[in-house]
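A structural walkthrough
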Amino acid sequence: RQLFHVYVGVAVVVAAIRLGLPAVEWFLVAALFLGLLLINLKMLGARLGFMDSFLRDFERRTAEFPGRGALFFAVGALFLFTFSLSGEFALAALSVLAVSDGASTMAGMRHGRQKLPWNKEKSWAGTIAFFLTGSVVAGLFIGPQGIFLAAFLALVETYDFHVDDNLLIPIASVAFNLFMAGALVSLR
């Protein structure tokens, strides 16, 4: 499930690089509306053929409704593309969401014996994996600032805000982007 999350996120980033942000934004809006239609049909009891097995294989067992993760990912990506101050920053944050969120879960499941003192559901291994992968992928788009973005998002991700990471990471990213822009303006 986490690898699929990484693949989809990387595919969206690559598509944005190759086709441009506006094309990917339109695709995400279309996917959002189609997804909402399919979610509604599924909740009304319709059989969706291959989509039923897809949802069974890739959705969390505890999801409140089918397609929740995909829906929130599309909303989070659109939020980033809409409110980030640059396309590069939006791609950096989306890369962190795609790669680091998955990497932290996989590292935490495999090596996460040492839990964080403030959140026993999270581990040092997962947090370090989030930070390291986030620094690399964000750095590809925003240079050394990617290290600070990754550190901030790794910290945010360790707290339980009762918000899906597919929404929390984009919201925190945009807040970071706006704060850094304000801090740079005040330094001048």
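A short tour of the structure in this document, coming up. (Residues numbered from 1 in each chain as written. Predicted model: local features only at pLDDT ≥ 70, side-chain atom pairs only at ≥ 80, totals over all residues. Heavy atoms only, no water.)

A count of helical and extended segments in the protein gives eight helices and two strands. Going from N to C terminus, the protein has its helices and strands arranged as α-α-α-α-α-β-β-α-α-α. In terms of C-alpha radius of gyration, the protein reaches 17 Å, essentially the compact-globule figure of 16 Å for 188 residues. Overall, the C-alpha framework of the protein stretches about 60 × 45 × 25 Å when taken along its three principal axes. A total of 188 residues make up the protein; the buried ones form 42% of that total. The contacts in the protein between residues at least 6 apart in sequence include a share of 66% that link residues at least 24 apart. Mean positive and mean negative side-chain charge positions of the protein (14 and 12 charges, respectively) differ by 6 Å. (Helix = DSSP H or I, 4+ residues; strand = E, 2+ residues; numbered from the N terminus. Rg over C-alpha atoms; globule rule 2.2 N^0.38 Å. Buried < 20%, exposed > 50% of the residue type's maximum accessible area, 1.4 Å probe, protein only. Contact = heavy atoms within 4.5 Å. Lys, Arg positive; Asp, Glu negative; His and termini not counted. Charge placed at Lys NZ, Arg CZ, Asp CG, Glu CD.)

Mapped onto the elements, Pro 117 comes out in the loop between strand E1 (115-116) and strand E2 (119-123). For Pro 117, a relative accessible area of 57% puts it in the exposed group.

Turning next to the nonpolar core. If you look at the biggest cluster of nonpolar residues, it comprises 40 residues, and the most contacted ones within it are Leu 28, Phe 81, Leu 94, Leu 149 and Leu 153. For this core, the secondary-structure elements that each account for two or more residues are helix H1 (2-19), helix H2 (21-43), helix H4 (68-83), helix H5 (87-111), helix H6 (124-142), helix H7 (145-158) and helix H8 (165-187). Looking at this core element by element, the count peaks at 10 residues for H5. (Core = buried A, V, L, I, M, F, W, Y, C linked by side-chain atoms within 4.5 Å.)

Along the chain, Val 6 falls in helix H1. As a C-alpha pair, Val 6 and Gly 20 span 14 residues in sequence and 20 Å in three-dimensional space. Val 6 has contacts with Ala 98, Val 99 and Gly 102, leaving out every residue within four places of it along the chain.

Take the pairing of E2 next. Sheet topology note: the E1/E2 ladder contains two bridges and is antiparallel. Pairing of Lys 115 across the sheet is with Ser 123, part of E2. Taking the residues between adjacent antiparallel strands as the criterion, E1 and E2 are bridged by two residues. (Pairing = 2+ DSSP bridges.)

Okay, the packing of aromatic side chains next. In the structure shown here, the tally under the stated rule is six aromatic pairs. Seen from their ring centres, Phe 79 and Phe 83 are 4.9 Å apart, and the 45° between their planes marks the pair as tilted. Residue Phe 79 and its partner Phe 83 are located together in helix H4, separated by four residues, close to a single helical turn. In this structure Phe 79 comes out as partly exposed when scored by relative accessible area, which is 27%. Where Trp 118 meets Tyr 159, the ring centres are 6.0 Å apart and the plane angle is 25°; that geometry is what we call stacked. You can see Trp 118 sitting in the loop between E1 and E2 and its partner Tyr 159 sitting in the loop between H7 and H8, a full 41 residues away along the chain. Members of the aromatic cluster, joined through ring pairs, are Trp 118, Trp 124, Tyr 159 and Phe 161. (Phe/Tyr/Trp six-rings, centres within 6.5 Å; stacked < 30°, edge-to-face > 60°.)

Keep in mind these values describe shape, not function.
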